[in-house]
Amino acid sequence: MPPVLTVSDLNVRFALHQAEVTAVSDLSFSLEPGETLAVVGESGSGKSQAFLSLMGLVAKNATVSGRAMLGDVDLLALGHSDLNRYRGKDIAMIFQDPMTSLNPSLRVKAQLAEVLVRHQGYTPEQAIRAAIEMLERVGIPEPVKRANAYPHELSGGMRQRVMIAMALLCKPKVLIADEPTTALDVTVQAQMLDLFKNLTTELGTALVLITHDLGVVAGIADRMMVMYGGRCVEKGPTDALFYDPRHPYTLGLLHSTPHVAKRARRLDPIQGLPPSLEHLPQGCAFHPRCAFRLERCFAERPPLLPVEEAHEKACWYQGELNYEEVA
Amino acid sequence: MMQAPVDNAPAEDLIRVENLSKHFSISAGMFTKPLQLKALQDISFTVKRGETLGIVGESGCGKSTLGRCILQLLSPDQGRVMWLGQDIAGLPAEEMRKHRKDLQIIFQDPLASLNPRMTVGEIIADPLRSLMPELKAKERRDRVIRTMEAVGLLPEMINRYPHEFSGGQAQRIGIARALITEPKLIVCDEPVSALDVSIQAQILNLLADLKDKFGLTLVFISHNLSVVRHVSDRIMVLYLGRIVELASGDDLYDQPRHPYTRALLTAVPIPDPKLARQRSIDGLVGEIPSPINPPSGCTFRTRCRYALPICAQQRPPLEDTGTRMVACHRWQELELQAGA
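What you see is a predicted model; the values in this text were computed from it and never measured.

Rules and cut-offs
Residues numbered from 1 in each chain as written. Chains lettered and ligands numbered in written order. Predicted model: local features only at pLDDT ≥ 70, side-chain atom pairs only at ≥ 80, totals over all residues. Helix = DSSP H or I, 4+ residues; strand = E, 2+ residues; numbered from the N terminus. Rg over C-alpha atoms; globule rule 2.2 N^0.38 Å. Buried ≥ 20, exposed ≤ 12 C-beta atoms within 10 Å, placed from the backbone. Contact = placed C-beta atoms within 7 Å. Pairing = 2+ DSSP bridges. Nonpolar A, V, L, I, M, F, W, Y, C, P; charged D, E, K, R; others polar. Expected span 1.5 Å × (residues − 1). Domains from an automatic or database assignment.

1. Regarding the overall build of chain A
Phase 1 of the analysis: The helix and strand inventory of chain A stands at 12 helices and 12 strands.
Phase 2 of the analysis: Taking 327 residues into account, the globule formula puts the C-alpha radius of gyration at 20 Å, and chain A, at 21 Å, falls close to it.
Phase 3 of the analysis: The buried share among the 327 residues of chain A stands at 50%.
Phase 4 of the analysis: Pairs at least 24 residues apart make up 62% of the contacts formed inside chain A by residues separated by at least 6 positions.

Structure representation (structure tokens):
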């Protein structure tokens, strides 16, 4: 099957008072139908901006270039009114904080029904019926009662379910979820990740999960893409990146993550701080923090190249990634 | 250099909390009686000298309130907080001041907890002004510089302002401010939750190093069970204002006795795809009930798959099994498996 979404050479730049800042550089990836792709990175890595730009949701001072083919439509070439034909229908996005994404003055059913009336031409009655069905499907108890509620009457987990229901109403080909479980308690988070797994399988929706939590990634993603300083530094199958990481940053993230099943005496953190996008280091952006850096890392930026089938990295270092050897 | 605090109290328990309860009044309107939110109920535990006690639970379980009650930033409604043999619960502010230098706190949001108009040096020295006024300016400055070095801040940053620092560095400032009075106990309230993963690991290692170096005792509050497990000797699990289980980290993980502990453990995401696929999540239905109107009997019963009629009628007592404390009617008959 052809990919549902193919992004090539995506660049997102912001014009500031004195300078221009590049938040996303030369990002290319594709998304297969029904797969889950995790996008991993720390603050400022560009992981959110990349996907906001696909949805036409970046700030006004941004310039976006590249191509993002959703089927045979280039999302980045569309104006706002054309984009609205696809947003919410073929490609949908949900965010970390469901309270700020829901309209506080509209009942849940009105917000859900609007999507179907607009995109599918349903009558309001049909739309409300379909909305209630979807609320039930995402695990909301007493869906008729909840449909009549206002957002503030629902708990955090319930609101996020409403957001998911809204995003899935038109059975989109692509669902982008930006830190969807970060604000939730751990038992509710587990329920929500389960829900994502079931829904993507049932509806065939491809899921992009933007997160900083490698635990969440391990449980749900088929493939992952690691971002640093606005670029993809490694991507490939989830198992390959966890058990055979090839980029020192991926390795560093894994060593920084505490594991509930193993009590290590110490973590091996990455030294230093993530870079500011205004002052990205020359060469490889990760070199100031890298334990494996070589001479050329200071000056030349490494290209993203295959290391194995479907596994790519952007790093000059070709040896074993073993902390003892370089210590 | 600063030395590990020495004192001559014979007790092994640095803090002994006995039957502590804390209620908040919530206004329900001008002409209605205020509602009682029972944030903490009948909490008893000890913190041993030199250990790290982790406190975990989901939002609204009372974990931050408990941290603040230990430090008397909030006054408990009932119960005692024995600090080195003296009950400090409800002590007048002036009396409490004598103990403040021994009892410090680190907050979650590092930037929000630093005064933006003060320099780093002033922020870190601030506790000294009120708690150790006998120090001379020179001594104070020396102490600030030593403490900055201990937490990994460069002394030349002393005249900078908080906004010039990243989140991880700001948290180091918060830690330095807590350390400057050479405390015996530090309550860490979600100290790494706002930080990026790579920075979180740096701060966790720093806290471990400082604990060893200065002989600190830590109470570590977090919703993140992986982090708590990593740092803690013993772990307390709170649910709706009550202790449901308290045990050593290994015991709690290897053999959780309370169904809620097990559910929490299986819900924690683990950064290992093969393990994550193998394990079965002990899916809890529903969400935490409101602490204003908690369920009768065992407050966890509405989400517990093992609940029996007795669980609605009687609140299970917190039993001391010798190696752990657990509050469940059925803990002995349930053979709960380890988390993952």
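Having seen the model, we can carry on.
2. Some remarks on the pairing of strand β4 (residues 62–70) of chain A
All names here are of chain A.
Phase 1 of the analysis: By the bridge criterion, 8 bridges tie strand β1 (residues 5–15) to β4 in an arrangement that is antiparallel. Paired with R13 across the two strands is T63, which belongs to β4.
Phase 2 of the analysis: The pairing of β4 with strand β5 (residues 73–74) spans 2 bridges and is antiparallel. Its bridge partner being in β5, L70 is matched across the sheet by V73.
Phase 3 of the analysis: Joining the antiparallel neighbours β4 and β5 is a turn of 2 residues, in which G71 adopts a positive phi near 65 degrees.

3. Observations regarding the interface of chain B and chain A
Phase 1 of the analysis: Across the contact, 39 residues belong to chain B and 38 residues belong to chain A.
Phase 2 of the analysis: Elements with a contribution of two residues or more to the side of chain B that touches chain A: α6 (197–214), α7 (225–231), α8 (249–254), α9 (259–267) and α10 (273–278) of chain B.
Phase 3 of the analysis: With 9 residues, the single largest contributor to the side of chain B that touches chain A is α6 of chain B.
Phase 4 of the analysis: Along the lines of polarity and charge, the residues of the side of chain B that touches chain A split into 21 nonpolar, 13 polar and 5 charged.

4. A word on helix α8 (residues 186–203) of chain A
Phase 1 of the analysis: Taking 1.5 Å per residue, 18 residues should reach 26 Å; α8 of chain A reaches 26 Å between its end C-alpha atoms and fits that length.
Phase 2 of the analysis: By the burial criterion, the buried members of α8 of chain A are V186, T187, V188, Q189, A190, Q191, M192, L193, F196, L199 and T200 of chain A.
Phase 3 of the analysis: Against the buried residues of α8 of chain A lie β3 (36–40), α7 (156–168), β8 (206–211) and α9 (214–220) of chain A together with α7 and α9 of chain B.
Phase 4 of the analysis: Just downstream of α8 of chain A lies G204 of chain A, where phi reads positive at about 70 degrees.

5. What about the pairing of β3 of chain A?
All names here are of chain A.
Phase 1 of the analysis: Taking burial as the measure, the 5 residues of β3 include 5 buried ones, the bulk of the element.
Phase 2 of the analysis: Covered by surrounding structure in β3 are T36, A38 and V40 together with L37 and V39, the residues of both alternating faces.
Phase 3 of the analysis: Judged from the 5 bridges that link them, β3 and β8 form a sheet pairing that is parallel. Its bridge partner lying in β8, V40 is registered against T211.
Phase 4 of the analysis: Strand direction decides the pairing type here: β3 and strand β9 (residues 223–228), joined by 4 bridges, are parallel. Among the inter-strand pairings, L37 is bridged to a residue of β9, identified as R223.

6. Thoughts on the domain arrangement of chain B
Residues and elements named next belong to chain B.
Phase 1 of the analysis: Considered domain by domain, chain B is made up of domain 1 (13–232) and domain 2 (257–340).
Phase 2 of the analysis: Averaged C-alpha coordinates put domain 1 and domain 2 at centres separated by 29 Å.
Phase 3 of the analysis: The interface is formed by 9 residues belonging to domain 1 together with 7 residues belonging to domain 2.
Phase 4 of the analysis: Ranked by residue count, the leading element in the side of domain 1 that touches domain 2 is strand β2 (residues 35–48), at 4 residues.
Phase 5 of the analysis: Tallied by class, residues from the side of domain 1 that touches domain 2 come to 5 nonpolar, 2 polar and 2 charged.

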